[in-house]
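Commentary on secondary and tertiary structure
The chain contents come next:
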Amino acid sequence: MAQSRKAAYVKGDSARGMMMTGSLLQMVLGRMVIGLRPMVQALCFAVLAVMALSPKMAEAQLSATGPVVVELFTSQGCSSCPPADALLNELATRGDVLPLGLHVDYWDYIGWPDTFAQPQFSRRQEAYVRAAGGRRVYTPHMVVGGHDHLVGAQPMELADLIRAHAAQGYPVAVELIRSADGYRLTAQTTQTAPMVVQVIRYTPRAEVDITRGENAGRDAHYSNVVRGLEILGDWDGRAPFVRTITAEAEMDLAVVVQARLGAGALGPVMGAARAPQ
């Protein structure tokens, strides 16, 4: 995609409107300071340390493991996207990362309608940008952990963010167990906060022969192409969230729990799990 067609993006404070309580607020804030300048980051963690000493913050805190969620907003009609698509392909070989390719539809008019694009993915990207204080969307755009943003393919910066998010852990434990009807989902936490539970279905590998547009003549290879994204429900963490999820042939699935910000925006990832194969 020519640079003139890439919209500018301004990163802002994605915490506006968030209503959190207890030490889950500490966990969320901890995840949101990842990627800041070292001096600012040090100040933020100092504040969190003081918060941890408060008697009101002395609740038990769950620290669960789970893959770091990396969302790539991409398009088959974007000439700048293949390097980022290749980077997502590499991430798909790792067990500690959940890379997801979400194809947007707003470049379809320039010559090649993306065969995987869905309007809801474009809306999801727009919500992320608004939550971060930006005004316009662009491709390729990576969102790590539901909060940190990268323009294009930046492997070193991405590796740093993945390590930082993995070190934080999750406040929500997500478990998927195979059942007769598909999978039994159980999510639980020791804290309460507005959250949303989502099931994401994706095709592990796909190949597309692009014959028109900016990538004409390219035999494109994609990994973890999202084909469906469903909100299972809002959740406050007071009781375990339990659902049965049906399986679909030739698709893998994962569950991602995110903080619910003001005005319906999504915040940091609070927990994630892949369905067992």
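Criteria and cut-off values
Residues numbered from 1 in each chain as written. Predicted model: local features only at pLDDT ≥ 70, side-chain atom pairs only at ≥ 80, totals over all residues. Heavy atoms only, no water. Helix = DSSP H or I, 4+ residues; strand = E, 2+ residues; numbered from the N terminus. Buried < 20%, exposed > 50% of the residue type's maximum accessible area, 1.4 Å probe, protein only. Contact = heavy atoms within 4.5 Å. Polar contact = N/O pair within 3.5 Å; in protein donor to acceptor, adjacent residues only side chain to side chain. Pairing = 2+ DSSP bridges. Axes fitted to C-alpha atoms, helices over the stretch in contact; angles between N-to-C directions. 1 Å grid on protein atoms, 1.4 Å probe; cavity = no way out; pocket = protein on both sides within 12 Å on 5 of 7 lines; lining within 4 Å. Points joined across faces, edges and corners; volume = space filled by probe spheres on them. Nonpolar A, V, L, I, M, F, W, Y, C, P; charged D, E, K, R; others polar. Phe/Tyr/Trp six-rings, centres within 6.5 Å; stacked < 30°, edge-to-face > 60°. Core = buried A, V, L, I, M, F, W, Y, C linked by side-chain atoms within 4.5 Å.

A few points about the overall build of the protein chain
The helix and strand tally for the protein chain stands at five helices and eleven strands. Taken across its 277 residues, the protein chain has 52% of its residues classed as buried. For the protein chain, the share of sequence-separated contacts (at least 6 apart) that also reach a separation of at least 24 residues comes to 72%.

Quick word on the side chain of Glu71
Looking at the secondary structure, you find Glu71 in strand E1 (residues 68–74). Side chain to side chain, Glu71 and Tyr128 meet in a polar contact 2.5 Å long. In contact with Glu71, other than residues within four places in its own chain, are Leu100, Leu102, Arg124, Tyr128, His141, Met142 and Val143.

As for the sheet that holds strand E5 (residues 173–179)
The strand order E5-E6-E9 describes an open sheet built from three strands, whose pairing is antiparallel. The open sheet has two edge strands, E5 and strand E9 (241–246), and neither has a second partner. On average, each strand axis in the sheet is tilted by 20° relative to the strand beside it, whichever way the strands run. Note that E5 and strand E6 (residues 182–188) share seven bridges and pair antiparallel. Across the sheet, Ile177 pairs through a bridge with Arg184, a residue of E6.

Considering empty space enclosed by the protein
Within the structure shown, the criterion is met by one cavity of 30 Å³ or more. Those elements giving two or more residues to the lining of the largest cavity turn out to be E1, helix H3 (82–91), strand E2 (97–103) and strand E8 (219–235). Among the residues forming the lining of the largest cavity, the class breakdown is four nonpolar, five polar and one charged.

A few points about the packing of aromatic side chains
Taken as a whole, this structure holds four aromatic pairs when the rule is applied. When the ring of Phe116 is compared with that of Tyr222, the centres are 6.1 Å apart and the planes differ by 90°; the resulting orientation is edge-to-face. In this pair, Phe116 is assigned in the loop between E2 and helix H4 (119–131) and Tyr222 in strand E8, connecting sequence segments 106 residues apart. The same class applies to Phe116 as to Tyr222, namely buried. On the numbers, 6.1 Å between centres and 65° between planes, the contact of Trp235 with Phe241 is edge-to-face.

Quick word on the nonpolar core
Ranked by size, the top nonpolar core spans 25 residues in total, and within it Val69, Leu98, Leu100, Leu102, Val226 and Val256 carry the most contacts. Breaking this core down by element, the ones donating at least two residues are E1, E2, H4, strand E7 (195–209), E8, strand E10 (252–260) and strand E11 (266–274). Setting aside its immediate chain neighbours within four residues, Leu102 contacts Glu71, Leu72, Phe73, Thr74, Phe121, Arg124, Val226 and Leu229. Trp235, Phe241, Met270 and Ala275 belong to the second-largest nonpolar core, a separate cluster that totals 20 residues.

Things to note about the environment of Ser223
Position of Ser223 among the secondary structure elements: in strand E8. Beyond its immediate stretch of four places on either side in the chain, Ser223 contacts Leu88, Asn89, Ala92, Gly101, Thr203 and Pro204. A distance of 2.9 Å separates the side chain of Ser223 from the side chain of Asn89, its partner in a polar contact.

That's the geometry; what it means functionally is another story.
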